Amino acid sequence: VVKAPPARFYSAEVGLLKPYVVFDVAHGVEASRARSRANLAEAEMAVALFWELRCELMRAYEASQKGLGPPPDKVLVGIITPYRSQRELMRETFSRLLGPEVAAEVRIETVDSFQGKQLD
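Residues numbered from 1 in each chain as written. Predicted model: local features only at pLDDT ≥ 70, side-chain atom pairs only at ≥ 80, totals over all residues. Heavy atoms only, no water.

S.K.: Residues and numbers for the confidence of the model for the protein, please.
M.R.: Residues of the protein with pLDDT of at least 70 account for 79%, and the chain-wide mean is 82. Taken element by element, the predicted model of the protein shows its lowest mean pLDDT in helix α1 (residues 4–9) (52) and its highest in helix α3 (residues 84–98) (95). (pLDDT = per-residue confidence, 0-100. Helix = DSSP H or I, 4+ residues; strand = E, 2+ residues; numbered from the N terminus.)

Below, the structure is given as C-alpha cells:
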C-alpha cells in the first residue's frame, strides 16, 4: 500500500494522485460486528486527523479575514473503509466526539459507495 502508488501514480508521466500518508494504528483492535469488522482506535484516529485539518483551515480562514493571506480552498473530506461496520462505527464516533453538525461535514462510506465519485 505504501510503496506501489508512488511508483505507479506519482511518476512524471502520470502524476494522477495528490500526496498521501498512511497511518499505522498499531494499538487498535479489530472486532467483528454483524459479519463485518470495526476498529475503534482507527475511528478515533480519523476524528483526530479531521479535527486537525479543520482547525488548520479555520485558522487560515480567520487569517484571510484579517488580510493575512488568501482564504483556503473549499475542502470536501471523505473517508473510505472496506467494512460496513467500520463505516457505522466511524459515523458514531465522529458524531459523539464532534457533534452531529460537524460530523456531517465528513462523508464516510464504504469502498463500493465511493466508486465513481471524487472528494479532496
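Still more to cover.
S.K.: Just give me the short version of a nonpolar patch on the surface, but keep the residues and values in it.
M.R.: On the surface, V21, F23 and L49 cluster together into a nonpolar patch covering about 270 Å² of accessible area. For V21, the position within the fold is in the loop between α1 and β1 (31–33). (Patch = residues over 30% accessible without salt bridge, like charges linked within 9 Å, V, L, I, M, F, W, Y side chains within 5 Å. Areas by Shrake-Rupley, 256 points an atom, 1.4 Å probe, with all protein chains shown as cover. Salt bridge = Lys/Arg side-chain N within 4 Å of Asp/Glu carboxyl O.)

S.K.: Tell me about helix α2 (residues 40–65), residues and numbers included.
M.R.: Over its 26 residues, α2 runs 37 Å from end to end, which matches the ideal 38 Å to within 8%, given 1.5 Å per residue. Where α2 is concerned, the buried positions are A41, A43, A46, V47, F50, R54 and S64. Residue G67 follows α2 closely and has a positive phi angle near 75 degrees. (Expected span 1.5 Å × (residues − 1). Buried < 20%, exposed > 50% of the residue type's maximum accessible area, 1.4 Å probe, protein only.)

S.K.: Hey, could you go over α3 for me, with residue numbers and the actual values?
M.R.: The end-to-end C-alpha distance of α3 is 21 Å, a good match for the 21 Å that 15 residues give at a rise of 1.5 Å each. Listing the buried residues of α3 in full gives S85, Q86, R87, L89, M90, T93, F94 and L98. Just past α3, the residue G99 takes up positive phi, approximately 90 degrees.

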